[in-house]
Structures are given as structure tokens and as C-alpha cells.
Amino acid sequence: MISPGNPRNRLLVWAAIFAAVPYLYSVFNEDNRLASMTVEQAMQESWDKMITLPSMVFRKAVVGINCNVDVIVSGTSLYNHINPSLSKCIDHEVLKSTEEMREAFMEWFSRGTVTERHMDKEETFASIIKAIENSPHHKQYYIGGNAALMAQRIAYSFPRTTAFLVGPIGPRSQALLHPGIVQNNSTKIVKDELHVIMEYKQGEILGEYVAPASSRFIFSHDKFSGSSVVIEMFFKAISQYRPDLVILSGIHLLEFQNPEMCLEKIRLIKRSLSQINAMIPIHLQLGSMGDSGFALSLLERIVGNVDSIGINEQELTFLSKVGGGPYAEEYPVSGGTVHVYKVVEMLYWLITKYGQDKTNVESKNYNFRLQRIHFHCLTYHLIVSRGTDWSNLAAGLAAGARVAGRHSCNIPQNENLDSGLLEVRSGSSYLLDKTAKKTYTFDPHRPVASWMRNETVFIYTPVLVCKFPTKTVGLDETISTTGLLYSQFYRIDHARMHL
């Protein structure tokens, strides 16, 4: 026992007091600082603390197979410019006329969900392009195509990684691409592929319909992105360039081709994927689909042969519908968001049915590769993982969530976030996983939640949504690329393990 009468002990007491005062003061100040933060600032700081680069950074990435120029216009303005009278709300898997384009646009405008469609006739597409060019309304030209957008994001945000892009590159897309992107001269084309992006903002009105969310409707008439030449050059580049990451995107454009030709190309892609070294991760970036036969072929032949998938709510619900998964009635999605617990069930179905399983040698899943899925929608993101090949996933999820609001509001990376531009659009408490009985209580200082179901890891975060989005094009690719480049892949050679 310390005697206060002892001079030496009194010095110890005073020393302890003087040491405690600055500590307590700093704690008090930190509590005050945290309490004074806005919700948006607190979430941003929490994500910043989680985001760390992996110890093994991807150095070389081969990205393919689609590249084009996006012609971005106001959807409602183009709709009215072509014909001011209102059309019906009818979706069309393939657009055979200008009127069918307007009907499909009206259908997806009323739902507020991104969708992509193919225009059947080149002449009809050319007439719309001419109408856009002659229109007095504002139009913008950007690099487009899932693969080109992902290569562009790598070049701008991850200078330690070199992107090798394989796709049909025309003169305008050549000028728009980042100079650091390595290009394949064998896939250069004389005239650019064009995609029309009809953007609209939440609250815009067409007749009796009000857009429930800011989104876009895309249509095109591609000739080269799904060609056999480009596909073959993509896989040839992998063997020549020897990357440590492969990103495959744009194969959803195959669904608009002749069914027999489409199936043959899917088989070609499957064979080529199986020949890629198992130590090199393959990421598949999905795109909007409307043909159930094509989507089922993609599920059965491609999904299990890649290591990672980037997917949004429209693509996930469609795959669940055609593949016999849960909550198939959620397709088509309206308003851009599905309840989290429903998405969790669909993701669990997808990764268990088509994911790798090394516990059963007799199972067809034993030779599958899929271990990672990055899901993103307007209000929240999820990463699902099985196995041991992928790590640093929470950092990847946080990085993808952080960039989402910045991209939509067009806020440069070096600028501070303006809380007035962003908001959280989720409840204070809700169900994450019905089977695991996992609930979520929102805390802006700890926005990320994680849990396990059997051998599957789920990581979840709400997202800061841009109140007044100025840019919706390329958002999915920006999120997926960022999450992927912050993730780490390391696969133990199973063959050597069993020697």
C-alpha cells in the first residue's frame, strides 16, 4: 500500500496524475470530434481506416473484350426529340425499331434501373445517331465498354498496375483512352463502335411516370466487340503478356448474335478459360442481359470457371430467375434496390452452386474456381467469399463503397467530400441474413458488418448515395475495379500439395 506521507510516494501520485491528464484530455477531445462529425464524415473516416493496399499488388492485367465510345444524352430529351407523343411501357429483348426503343426506355425509366439492349438494324441505329448529332440538346462523348472503362480506372487510380486492353479500338476511343493503357494493334478498327446512353435523374417525369432513381438506358449496334477475332486475340494476349490478373467483360453482348454462333463462342471462351494458369485470377464483370437461354448458358459454362464476379442487382436477380435460384420474382428490379436478406440468399445460392468446393472430390464443384463475388447496388454493397484464395476483402469493399458516391457526384479523389451532396438511404436497423438471423444496426463510425454462414463469408456496408448525380456511366466498373485492385489473391498450388 502506497503511503501518502512518504515524499517519494507523493511524487509517484503526482506523476500519475500529470500522465493521466493529457490522456483523458485527448480522449475527451476525440469523443467531441467524433460526436461533431456528420454521418457522412464518420462513414468516410471509418472506410479510410479500413482501406489498405494488399501486400501483393497486381502488376499486370489483361482486360477485354469490349470497347466503344459512349454518346451520353438526356434520356427524356432524346425521347421527346424523336417523337413527343408518349409510348407504351413494353420491354424488348432486341430493339427492331425506333418505337420499340422508346417503349423499352419508358419501361425501364419507370423502374429506375440500368438496362442495355441491342438494336437489330444498323440503319435504324444510324438514324438515331444522326438525330442525336442534329439535336440542339447537350451531348457528351466518353470512353465506353465495360472492359475499356475498367482499364481506364486502373490507369487513372492504380499506377502500379499496367492494363493491357484488348477490344475494338477506333480513332475516337484511341484519343479518349489513358496513354498508360497498353493496346492491341490487331484489334484496331476504322470506325468506332457507338453506344447511346440515355441518362435520367430521379424525379424526372414522362407522362404519368416519375423516375424512382437516377439511372440510364443503353442501346447499341455492335459489330466487333463480340467477334471471334477479338475473343481469340484476348486469350492470345494472356499467353503473350503473362499477367497476374485477367479481367473478362463484354460477353453479355454475345446474346444478340445468332444462337448457334453465340453458343460456339461461349464454348470457345470456356475452353480458353480452362487453359489459363490456375495461379492467375480471372474476374468476370457481368453486364445487362435479357435472354434467358443465353444467361443460363453463361451460368452453366462460364461462371464456375472464373475466380471472381462483379454483379449488380438487375444481373443477380435475372441469373437467379433463369437458374432456379431464390427470390426469382424480384426480377425485374424497380427502384434500384432489393432487400439485403434477399440478395444474401441469392448470392449464397450463386456461390454454393457455382463456387469452388474442395471438400468433395466427386463433386463437379471440386474443379470450379469461383470464390469471390462483389455485389453493388445503389444503397449498399456486399462481398461474398469462400475458400482461402482471396483476402483483404473488407478493404476492397470499403474502397468500392467510398468511390461510388464520388463517381456519381463527379468529386475528384483529391477533394474533400461535401456532406451536402451525399446521404445514407437505409434504415437504422434491418435484417441482413434470415437463415443466420443476422441483423444490422446502423452506426456511422462502424458501418461495415461481417458474418459467416457455413464456409461462406459475407461483408456488408451501406453506401453514401449522391443526391444530385451528374454521372451514372461507368459506376459499376469503377466500383468493381476498385474493389478488385484492393483485394489480394494468393492460391496455394493444390497439385504440389498432393505430391
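Residues numbered from 1 in each chain as written. Predicted model: local features only at pLDDT ≥ 70, side-chain atom pairs only at ≥ 80, totals over all residues. Heavy atoms only, no water.

Visitor: How should the packing of aromatic side chains be read in this particular structure?
Guide: Think of a pair of aromatic rings as described by two things: how far the centres are apart, and how the planes are tilted against each other in angle. A full pass over the atoms with the stated rule returns 21 aromatic pairs. Here the aromatic rings of Phe 375 and Tyr 380 are separated by 5.9 Å at their centres, their planes lie at 35°, and the arrangement is tilted. Of the two residues examined, Phe 375 and Tyr 380, each falls in the buried class. Clustering of aromatic rings is evident, with ring pairs tying together Tyr 79, Phe 105, Phe 109, Phe 125, Tyr 200, Phe 217 and Phe 219. Note that Arg 111 overlies the ring of Trp 108, its terminal NZ or CZ placed 6.0 Å from the centroid. (Phe/Tyr/Trp six-rings, centres within 6.5 Å; stacked < 30°, edge-to-face > 60°. Buried < 20%, exposed > 50% of the residue type's maximum accessible area, 1.4 Å probe, protein only. Lys NZ or Arg CZ within 6 Å of the ring centre and 35° of its normal.)

Visitor: What am I meant to see in the sheet that holds strand β16 (residues 380-386) here?
Guide: Strand pairing in a sheet relies on backbone hydrogen bonds, with the paired strands running either antiparallel or parallel. Spatially, 10 strands are ordered β7-β6-β1-β12-β13-β14-β15-β16-β22-β21 in an open sheet, and the strand pairing comes out mixed. Two strands close off the open sheet at either side, each with one partner strand: β7 (182-183) and β21 (449-453). Where helix α14 (residues 475-486) meets the sheet, it contacts β12 (245-249), β13 (282-285), β14 (308-312), β15 (372-376) and β16, and its direction lies at approximately 145° from that of β15. (Pairing = 2+ DSSP bridges. Helix = DSSP H or I, 4+ residues; strand = E, 2+ residues; numbered from the N terminus. Contact = heavy atoms within 4.5 Å. Axes fitted to C-alpha atoms, helices over the stretch in contact; angles between N-to-C directions.)

Visitor: Is there a simple way to think about the environment of Pro 179 in this case?
Guide: With respect to the helices and strands, Pro 179 occurs in the loop between α7 (171-176) and β7. Taking relative accessible area as the criterion, Pro 179 reaches 78% and is therefore assigned exposed. Linking Pro 179 and Tyr 156, residues 23 residues apart in sequence, is a C-alpha distance of 9.9 Å.

Visitor: Would you mind showing me how to read helix α3 (residues 75-82) here?
Guide: Count 3.6 residues to each turn of an α-helix, and residues three or four apart come out pointing the same way. For α3, the set of buried residues is Gly 75, Thr 76, Leu 78 and Tyr 79. Relative to the axis of α3, the buried residues are bounded by an arc of 165° and lie together on one face. The elements touched by buried residues of α3 are β2 (68-74), α4 (98-111), α5 (122-134), β8 (194-200) and β9 (205-206). (Arc of directions from axis to C-beta.)

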